[in-house]
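The residues making up each chain are set out below.
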Amino acid sequence: MTPDAPTGPDRTPATLPLPPMKWDAWGDPDLAKPLSEDIRALLEQALGVTPADHPAPTAQEVVLRPSALSREDLDALAGIVGAAHVSSHDADRLPRAGGKSTPDLLRRRSREVQDAPDAVVLPGGEDEITAVLALCAERRIAVVPFGGGTSVVGGVDPVRGGFTAVISLDLRRFDRLESLDEVSGEAVLGAGLTGPQAEALLAARGYELGHYPQSFRYATVGGFAATRSSGQNSAGHGRFDDMVRGLRVLTPSGAIDLGRAPASAAGPDLRQLFLGSEGTLGVITAVRLRVHPTPAVKIHEAWSFPDFATGAAALREVEQQGTGPTVIRISDETETAINLAMTDRIGGAQVTGGCLAVTVFEGTPEQAAARHLRTREVLLAAGGTSLGEEAAKAWEHGRFNAPYLRDSLLTAGALCETLETATSWAGLAALKAAVTSALEDALRESGSSALVMCHISHVYPTGASLYFTVVAAQQDDPLEQWGRAKRAAGDAILAHGGTITHHHAVGTDHLPWMTREIGDLGVRILRAVKDAVDPAGILNPGKLIP
Ligand SMILES: Cc1cc2nc3c(=O)[nH]c(=O)nc-3n(C[C@H](O)[C@H](O)[C@H](O)COP(=O)(O)OP(=O)(O)OC[C@H]3O[C@@H](n4cnc5c(N)ncnc54)[C@H](O)[C@@H]3O)c2cc1C
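Computed from a predicted model, the values in this text were never measured in an experiment.

### Some points on the site of the ligand
Thinking step 1. If you check the shell around the ligand, you find 35 residues, and the closest are Pro 145, Gly 147, Thr 150, Ser 215 and Thr 220.
Thinking step 2. In the model, an oxygen atom of the ligand is placed 2.6 Å from a nitrogen or oxygen of the Thr 220 side chain.
Thinking step 3. Take Gly 223: an N or O atom from its main chain is 3.4 Å from an oxygen atom of the ligand.
Thinking step 4. Calculation on the ligand without its partners gives an accessible area of 950 Å², and the protein chains cover 97% of this total.
Thinking step 5. When contributions to the shell around the ligand are tallied by element, the ones reaching two or more residues are strand E3 (141-146), helix H7 (221-227) and strand E10 (283-290).
Thinking step 6. No other element matches the five residues that H7 contributes to the shell around the ligand.
Thinking step 7. Its residues assigned to classes, the shell around the ligand comprises 14 nonpolar, 19 polar and two charged.

What follows is the structure in structure tokens.
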């Protein structure tokens, strides 16, 4: 089903292909997950959640700030990419008005005038991007590179940053598998390919990338690189930045191809400057990636641990011994209890508490079996109880659907948002406790008790990431309510040795902590690079670099 095409006061239907997601919610409307009456009653009883009394506007009722671009500007853009690939109609601007964080979705529900890019431009080739960047630098128009629009940190917000206007540069036409080198195990993929598109092209040749973030269905190869994305299989295949062998980037100062050999001692690795650059230093058009043959088999096993500390220590042992799971993750007691509230029998076993962990192993039958055997020996010795394969398979089956629940919670009057960080194993417990208290205290001060759940989502030999999910009753101003909680959590993260973001990136939302994260000199280095590649400063102003 095609999501409804938004039409604001400018009622012209969309003239460009729409992003595949709903403009005001996650994903495919057919997969929406309405809350049962039991869950609604539970939310009201436990957290005081009651439905909002102001219905959200329909797409037709949304009022957008009018486009600031002149007819002459639009004609000049059309002269570069073709009139069929530029639009300043509300129906094309609204779906690119922001990303998919809870604040973004709350802003989409506003009946005030909403901001949006002044036009959407869909370039079809590198020459066109180069010409668009030159035109925008000359006419002082900001440019926001747009992949899947799944940013949860304000990365695609239409920030003008002192310029007269801002365009959304949608990369969807860069959608080719440019090459596959089966000898080296490398593929060059267009930046605009979504996760499923990239995997389908590779699967047709017997290969896989193996990058499965929860936003997999909609996020793009360029977006993964620009945000240093981390997928659920990163224990086995690494983060996206680990997979990148080369990049092609177009900047207002020229094009750059990076990554000449599998390893190099030719000075600092400049790929690292553009990985995570969030559209502020250049437009990534193609990424050369390490790929592997499609795994022949998968083995699943779920586990129960008596408490989070025991489970976390077990995961650390697995990672430090390098026993090779593709997926390994563990929920804390609260997250486990919420999962169990949905079903109390896991894998045929009666589970009454503790912490649930999931493991998955891949490879040839021999590789997967050996990795499974070695890992389960470690987990058993560390206090784990096997729950069999069913719960791990169920997790894998439903792993991309959780964001639909957030939409239903928001509609039901709950505030639901996530945040993430990472630190060393030694500091993990203190960081988790500090962030949980900061969130609970800040939300209590705003008048609501909160449910704070956490899991270890990614592991490394020296540490792990923590992923928090927060549910509370929405107060009168949920944006300010979440803003206070987020500020408290961010401060607690920095005070307890965590990074402000392990994989969501910086955007606008984490900007206040960037100087503390990388120091004054770090900020000056980023600014110096920005001056070199984007002297006019048109690329994604107001994001990443303080
Ligand atoms: C429900 C949900 C679940 C998520 N789960 C995960 C997860 O498991 N792991 C994870 O890492 N992240 C996750 N995210 C965050 C988000 O999906 C990632 O940051 C993703 O990598 C963004 O890709 P995108 O194509 O949607 O980029 P966009 O949202 O379009 O853009 C993100 C940033 O990258 C820039 N950008 C995009 N394309 C390019 C390009 N070609 N060249 C230069 N700059 C570009 C944009 O300007 C922006 O600053 C999740 C988000 C949501 C909403």
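### A word on the pattern of salt bridges
Thinking step 1. Per the counting criterion, the structure on display carries 30 salt bridges.
Thinking step 2. The shortest N-O distance in the salt bridge between Arg 160 and Asp 118 comes to 3.2 Å. Of this pair, Arg 160 sits in the loop between E3 and strand E4 (165-170) while Asp 118 sits in the loop between helix H4 (102-108) and strand E2 (119-121), placing them 42 residues apart in sequence. The two residues Arg 160 and Asp 118 agree in class, both being buried.
Thinking step 3. Linking Arg 487 and Glu 480 is a salt bridge whose minimum nitrogen-to-oxygen distance equals 3.3 Å.
Thinking step 4. One salt-bridge network, held together by shared partners, links Arg 65, Asp 115, Asp 118 and Arg 160.

### Some words on the sheet that holds E4
Thinking step 1. Pairing is mixed across the open sheet formed by four strands, whose spatial order is E1-E2-E4-E3. The sheet is open, and its two edges are formed by strand E1 (86-87) and E3, each paired on a single side.
Thinking step 2. In terms of strand pairing, E2 meets E4 through three bridges, oriented parallel. Looking at E4, one finds that Val 121 is bridged to Leu 169.

### Concerning the pairing of strand E20 (residues 463-473)
Thinking step 1. Burial analysis of E20 places 11 of its 11 residues in the buried class, which makes it a mostly covered element.
Thinking step 2. Here strand E19 (residues 450-459) folds back onto E20, and the loop between the two strands holds three residues.

### Side note on the packing of aromatic side chains
Thinking step 1. In this structure the tally under the stated criterion is four aromatic pairs.
Thinking step 2. Here Trp 26 and Tyr 218 contribute two aromatic rings whose centre-to-centre distance is 5.3 Å and whose plane-to-plane angle is 80°, an arrangement assigned as edge-to-face. Of this pair, Trp 26 sits in the segment before helix H1 (37-47) while Tyr 218 sits in the loop between strand E7 (207-208) and H7; the two residues are 192 residues apart in sequence, bridging distant segments of the chain. Of the two residues, Trp 26 and Tyr 218, neither departs from the other in class, the shared state being buried.
Thinking step 3. Ring centres 4.8 Å apart and planes at 55° place the aromatic pair Tyr 212 and Phe 216 in the tilted group.
Thinking step 4. For Tyr 212, a relative accessible area of 13% puts it in the buried group.
Thinking step 5. Above the plane of the ring of Phe 308 lies Lys 432, whose end atom (NZ or CZ) is 4.8 Å from the centre.

### What about the nonpolar core?
Thinking step 1. Among the nonpolar cores identified, the biggest contains 42 residues, and Ile 330, Leu 419, Val 435, Leu 439, Ile 456 and Leu 466 are the most heavily contacted of them.
Thinking step 2. If we skip the residues at most four places from it in the chain, Ile 456 touches Phe 308, Ala 312, Leu 315, Arg 329, Ile 330, Trp 425, Leu 428, Ala 464, Ser 465 and Leu 466.
Thinking step 3. Formed by 35 residues, the second largest nonpolar core is a distinct cluster that contains Val 244, Val 287, Val 506 and Val 533.

### Section: helix H18 (residues 514-533)
Thinking step 1. With 20 residues, H18 should reach 28 Å at 1.5 Å per residue; the first-to-last C-alpha distance of 21 Å falls well below that figure.
Thinking step 2. Burial in H18 covers these residues: Met 514, Gly 522, Val 523, Leu 526, Val 529, Lys 530 and Val 533.
Thinking step 3. Tucked inside the fold, the buried residues of H18 contact strand E8 (244-251) and helix H10 (271-274).

### A look at the packing of helix H2 (residues 71-81) against helix H5 (residues 126-139)
Between two packed helices, what matters for the description is the angle formed by their axes and the separation of those axes.
Thinking step 1. Put simply, H2 and H5 touch, their axes get as near as 9 Å, and they point 160° apart. It follows that H2 is roughly antiparallel to H5 by the angle criterion. Relative to H5, the crossing made by H2 is right-handed. Each of Glu 72, Asp 73, Ala 76, Leu 77, Ile 80 and Val 81 in H2 lies in contact with H5, whose residues at this interface are Glu 128, Ala 131, Val 132, Leu 135 and Arg 139.
Thinking step 2. Considering only residue class, the contact of H2 with H5 consists of seven nonpolar, no polar and four charged.

### Quick word on the pairing of E3
Walk down a regular strand and you will see the side chains alternate between the two sheet faces.
Thinking step 1. Judged by how many residues are buried, E3 sits mostly within the fold: six of six residues are covered.
Thinking step 2. When E3 meets E4, the two strands line up parallel, connected through six bridges. Following the sheet pairing, Val 144 is matched in E4 by Ser 168.

### Description of the sheet that holds strand E5 (residues 177-181)
Thinking step 1. In space, the five strands of this open sheet follow the order E5-E6-E10-E8-E9, with antiparallel pairing throughout. Taken across any chain shown, the strands that pair with only one partner, and hence form the sheet edges, are E5 and strand E9 (254-258). Here the strands of the sheet are splayed against their neighbours by 10° on average, with no regard to which way each runs.
Thinking step 2. Two elements, E8 and E9, share five bridges in a ladder whose sense is antiparallel. Each residue of the ladder has a partner; that of Leu 247, found in E9, is Leu 258.
Thinking step 3. With respect to the sheet, H5 is in contact with E8 and E10, its orientation differing from that of E8 by roughly 45°.

### Section: the side chain of Ser 331
Thinking step 1. Mapped onto the elements of the fold, Ser 331 is located in strand E13 (residues 327-331).
Thinking step 2. When sequence neighbours within four positions are dropped, the list of residues in contact with Ser 331 reads Phe 308, Thr 336, Asn 339, Cys 355, Leu 356, Cys 454 and His 455.

### A few points about the environment of Thr 130
Thinking step 1. Inspection of the secondary structure assignment puts Thr 130 in helix H5.
Thinking step 2. Separated by 153 residues in sequence, Thr 130 and Val 283 place their C-alpha atoms 9.4 Å apart.

### A closer look at the side chain of Ser 151
Thinking step 1. With respect to the helices and strands, Ser 151 occurs in the loop between E3 and E4.
Thinking step 2. Side-chain polar atoms of Ser 151 contact the backbone nitrogen of Val 153, separated by 3.2 Å.
Thinking step 3. For Ser 151, the side chain forms a polar contact with the main-chain nitrogen of Gly 155, separated by 2.9 Å.
Thinking step 4. Apart from the residues lying within four places of it in its own chain, the contact partners of Ser 151 are Gly 99, Lys 100, Ser 101, Asp 104 and Val 156.

Procedures and definitions
- Residues numbered from 1 in each chain as written.
- Predicted model: local features only at pLDDT ≥ 70, side-chain atom pairs only at ≥ 80, totals over all residues.
- Heavy atoms only, no water.
- Near = heavy atom within 4 Å.
- Polar contact = N/O pair within 3.5 Å; in protein donor to acceptor, adjacent residues only side chain to side chain.
- Areas by Shrake-Rupley, 256 points an atom, 1.4 Å probe, with all protein chains shown as cover.
- Helix = DSSP H or I, 4+ residues; strand = E, 2+ residues; numbered from the N terminus.
- Nonpolar A, V, L, I, M, F, W, Y, C, P; charged D, E, K, R; others polar.
- Salt bridge = Lys/Arg side-chain N within 4 Å of Asp/Glu carboxyl O.
- Buried < 20%, exposed > 50% of the residue type's maximum accessible area, 1.4 Å probe, protein only.
- Pairing = 2+ DSSP bridges.
- Phe/Tyr/Trp six-rings, centres within 6.5 Å; stacked < 30°, edge-to-face > 60°.
- Lys NZ or Arg CZ within 6 Å of the ring centre and 35° of its normal.
- Core = buried A, V, L, I, M, F, W, Y, C linked by side-chain atoms within 4.5 Å.
- Contact = heavy atoms within 4.5 Å.
- Expected span 1.5 Å × (residues − 1).
- Axes fitted to C-alpha atoms, helices over the stretch in contact; angles between N-to-C directions.
- Parallel < 35°, antiparallel > 145°, perpendicular 65-115°, else oblique.
- Left-handed = near helix turned anticlockwise from the far one by under 90°.

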